[in-house]
Amino acid sequence: MKYFDFVKFTLYNEYWYINCLTKGNFNDEGTIVSKFILPKKKEKEFKNQLGNFHYNNLGIIPDEILQKVSSSLPIEEVIDFLHNNYLEVLTLIEKTKVHNIAVISNFSDEVSELLMQIDRIWICNPEPLTVNENGELKVVFDASAGYQTSLVFKNAEISQEVNFEFEDINSYEYSKENEFYTLDIATSNDIVTIKFSDVERVQEFFDYSSSLINPTTPKDFYPWTIVANILNELKLLESKFGAERLNNKEKVFLPLVNFAPIMFQYSLFDIAEHDRNIKSIEFFETLVKEHNVEYLIPLLNQLKQCTDKSKLLHLTRKVSLALFDKRCEPLWRRIYQDLKDAASVYPLKNEINKYDLETERKRITKFLLSQDYTGKYPFFKKLTSLKGIKMLANLTNTYFVGHEKNMASYIFCEESFLYDDRLFISYLCGTIFLKPKQLDKFDQLDAYSAFFVDKGRRFTSIVRQSVYDFDDNMIVKPDISIALIAAKKASVQRLTKEENNKIMSADNTSILTIIIACMVFGSFLFGLAMTIAMMVITFILGVTENQSIELIMEFIKTFPWHWVFLGSGLPFGIILGMFTIIARKRK
């Protein structure tokens, strides 16, 4: 006998089932020998499952059976019916499944496999389903930045336009009459019918290097994160289609897909899963030596020798952070450019049909040139000076800067194409303070250079439009005023309140948090330093006046040093806080 067991009813070909926790008794064959009793806490869950079962089997199971499993009926009655008619219900479902298999068996195995999974993968299609001028209906079943698997229905007719990105598929059924096939899809709102004469599986590959920057995530603009995203797509292509499907340039960089310090930038990367991939470390080490980034060699050796998993994460983060040093910029450019070249052999996925892209580029170019920037789209730059004091942040620290004679401002216009042909332009703004002997580097650097850390001399920000204009079939319209904000950001000019509201800020730190942090840490450090200094001075003066050591130490022990600590630290903290407010307002 079994108690508190689970009774499983397989209710559809996608392995959906009802788990009914009961207090029934079963014999050795699993047959119920006493009435089901469903605990109260499970009733709501069971009612929801009944609702799903009802929708999923519209048109497949006769109405008289569906009425017996309605969520409006007493639960005990439904459970009894399901048990008593379990085989009948299962037989009806299997008949539909067998019927569907018989119809689609006319197609190839690859096509048949996709046709049997419509309810699970149809929603990959990003656009409403419509028949094109050639009488073809293209449905995307599986896709990423680098590939797309589709079915193309020939001589197709569709009963209505439908977007399965917003529709739930509850069931589907195939039939054939003469030379034409019919596919009936039951959605949560209606039944969509597609008629077609044949269907073909289409596999396409695209230039994934141009589609992997997410303009809503600031971190995705960081140089090594871009490389990590491209490598992750390369890893996906290898796992789905095999290394033989990759070109020779892509195969060269396959070892890097397991190099934790780079892939650590990718949020889904699991370091514990990869441990120390010696082959990937050695491959990266060869690139490091080619570009004379010698300071990384000891860290890579530590990574190769590390066997303690508890230390592996810390060491990986340490190497990852070291990659943002300015000395790594040539190494990053080599890897990034080689990866882009490897992916460029494939066509672009996005076609810009609703914009004259060249006109948009000329408009931005004309505006930035009017702001005294020089260069050609998408790279712009200018050399000015910084007056006053500002507070700026790079990837590791926040600095006060001011009165710099050689301020190099850079802008890079990054084009992203959202959902096929929706244009989104983001501006990468870099500010680099050059020393007099570095002026010859002005023409060699760009906005990406500002992402690499050079103590308090390189800073970067990302300007992206925050107010979407979803008119004209949900197409995002680039706003030229964002280019003005980018020009001001790169030149470290203060933005108005209206301009700040127009952009998505990568700086989510509260001004109050910064002020309090500056005041607290500044007060503590300055007060501690002044107190220790006063103790040392007191000791030296006592010795100079020929006082005994015992008397001096007794004086130091009894003196109210906390007043020295507060009297020196608190005013310094207040002054530092006011200084921070002024700097932030002038940012």
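Residues numbered from 1 in each chain as written. Predicted model: local features only at pLDDT ≥ 70, side-chain atom pairs only at ≥ 80, totals over all residues. Heavy atoms only, no water.

(A) Broad picture of the overall build of the chain. The helix and strand tally for the chain stands at 21 helices and 15 strands. Split into buried and exposed, the 587 residues of the chain put 45% on the buried side. Carbon and sulfur atoms make up 55% of the accessible area of the chain, which amounts to about 30900 Å² in all. (Helix = DSSP H or I, 4+ residues; strand = E, 2+ residues; numbered from the N terminus. Buried < 20%, exposed > 50% of the residue type's maximum accessible area, 1.4 Å probe, protein only. Areas by Shrake-Rupley, 256 points an atom, 1.4 Å probe, with all protein chains shown as cover.)

(B) The pairing of strand 8 (residues 191-196), seen in detail. Of the two faces of strand 8, the one holding V192, I194 and F196 is buried and the one holding I191, T193 and K195 is not buried anywhere. When strand 5 (residues 157-158) meets strand 8, the two strands line up antiparallel, connected through two bridges. Each residue of the ladder has a partner; that of I158, found in strand 8, is I194. Bridge count between strand 7 (residues 180-187) and strand 8: six bridges; the pairing is antiparallel. Residue pairing across strands places T182 opposite K195, the latter belonging to strand 8. (Pairing = 2+ DSSP bridges.)

(C) Fine view of the packing of aromatic side chains. Tallied over the full model, the rule gives 19 aromatic pairs. Ring geometry for F153 against F196: centres 4.7 Å apart, planes inclined by 75°, an arrangement best described as edge-to-face. In this pair, F153 sits in strand 4 (residues 147-154) while F196 sits in strand 8, placing the two residues 43 residues apart along the sequence. Residues F153 and F196 agree in their burial class; the two are buried. Their ring planes at 25° and their centres at 4.4 Å tell us that F259 and F284 sit as a pair that is stacked. You can see F259 sitting in the loop between helix 8 (248-252) and helix 9 (260-263) and its partner F284 sitting in helix 11 (residues 278-290), a full 25 residues away along the chain. F284 shares its class with F259; the two are buried. In textbook terms, an aromatic cluster arises when at least three aromatic residues are bridged by ring pairs, as seen for W332, Y336, F379, F412, Y448, F451 and F452. (Phe/Tyr/Trp six-rings, centres within 6.5 Å; stacked < 30°, edge-to-face > 60°.)

(D) Layout of the state of the cysteines. If you walk through the whole model with that rule in mind, you get zero disulfides. Of all cysteine sulfurs, the one in C429 lies closest to C413, which takes part in no disulfide; the gap is 8.8 Å. (Disulfide = S-S within 2.5 Å.)

(E) Molecular detail of helix 13 (residues 309-322). The terminal C-alpha atoms of helix 13, which comprises 14 residues, lie 20 Å apart, in line with the 20 Å expected from a rise of 1.5 Å per residue. The complete set of buried residues in helix 13 reads L312, L315, T316, V319, S320 and A322. Projected onto a plane normal to the axis of helix 13, the buried residues spread over an arc of 155° and lie on a single side. In helix 13, the exposed positions angled more than 90 degrees off the buried face are occupied by S310, H314 and L321. (Expected span 1.5 Å × (residues − 1). Arc of directions from axis to C-beta.)

(F) Summary view of the sheet that holds strand 9 (residues 198-205). Reading across from one edge, 3-4-9 is the order of the three strands in this open sheet, with antiparallel pairing throughout. Since the sheet does not close on itself, it has two edges, and those belong to strand 3 (137-143) and strand 9, each with one partner. Averaged over all neighbouring strand pairs, the angle between strand axes comes to 25°, with direction disregarded. Strand direction decides the pairing type here: strand 4 and strand 9, joined by eight bridges, are antiparallel. Residue pairing for strand 9: Q148 is matched across the bridge by E204. Against the sheet, helix 7 (residues 223-241) engages strand 3, strand 4 and strand 9, with an angle of about 50° to strand 4. (Axes fitted to C-alpha atoms, helices over the stretch in contact; angles between N-to-C directions. Contact = heavy atoms within 4.5 Å.)

(G) Broad picture of the packing of helix 7 against helix 14 (residues 329-343). Contact geometry for helix 7 and helix 14: axes closest at 10 Å, N-to-C directions at 30°. Of the possible angle classes, the one that applies to helix 7 and helix 14 is roughly parallel. Considering only the axes of helix 7 and helix 14, their crossing is left-handed. Packed against helix 7, whose contacting residues are P223, W224, I226, V227, I230 and L231, the element helix 14 presents L331, W332, I335, Y336 and L339 at the interface. (Parallel < 35°, antiparallel > 145°, perpendicular 65-115°, else oblique. Left-handed = near helix turned anticlockwise from the far one by under 90°.)

(H) Quick peek at the environment of E113. With respect to the element layout, E113 can be found in helix 5 (residues 109-115). E113 gets classed as exposed once you look at its relative accessible area, which sits at 53%.

(I) Spotlight on unusual backbone geometry. Note that the residue after Y377, namely P378, is joined by a cis bond; omega there is 10°. Of note, P378 is situated in the loop between strand 10 (374-376) and strand 11 (379-393). Backbone geometry places D372, a non-glycine residue, at a positive phi of 75°. Considering the arrangement of structural elements, one finds D372 in the loop between helix 15 (357-370) and strand 10.

(J) Up close: the nonpolar core. Counting residues in each nonpolar core, the largest one holds 60 residues, and the members touching the most others are W224, L231, L256, I262, F284, L296 and I335. Put simply, the parts of the chain that give this core at least two residues each are helix 7, helix 9, helix 11, helix 12 (297-305), helix 13, helix 14, strand 12 (398-418) and strand 13 (422-433). When residues in this core are grouped by element, the largest group, eight residues, is from helix 7. Look past the residues within four positions of I335 in its chain and what remains in contact with it is W224, V227, F253, L256, F284 and L287. I104, L151, Y174 and I194 belong to the second largest nonpolar core, which has 27 residues in total. (Core = buried A, V, L, I, M, F, W, Y, C linked by side-chain atoms within 4.5 Å.)

(K) Main features of the environment of K489. Take K489: it is sitting in helix 17 (residues 480-490). Under the relative-accessibility criterion, K489 is labelled partly exposed at 26%. C-alpha separation for the pair K489 and Y410, spaced 79 residues apart in sequence, amounts to 9.7 Å.

(L) Fine view of the packing of helix 12 against helix 13. Packing of helix 12 against helix 13 leaves a shortest axis separation of 10 Å and a crossing angle of 155°. Our classification of the angle between helix 12 and helix 13 gives roughly antiparallel. Crossing angle aside, the handedness with which helix 12 passes helix 13 is left-handed. Of the residues in helix 13, those in contact with L299, L300, Q302 and L303 of helix 12 are L312, L315, T316, K318, V319 and A322. Taken together, the residues of the contact of helix 12 with helix 13 break down into seven nonpolar, two polar and one charged. (Nonpolar A, V, L, I, M, F, W, Y, C, P; charged D, E, K, R; others polar.)

(M) Geometry of the environment of V453. With respect to the secondary-structure elements, V453 resides in the loop between strand 13 and strand 14 (458-465). What makes V453 buried here is its relative accessible area of 15%. Through-space distance from the C-alpha of V453 to that of F324 is 5.9 Å; in sequence the pair is 129 residues apart. Setting aside anything within four residues of it in sequence, one finds V453 in contact with F324, D325, K326, N394, L395 and T396.

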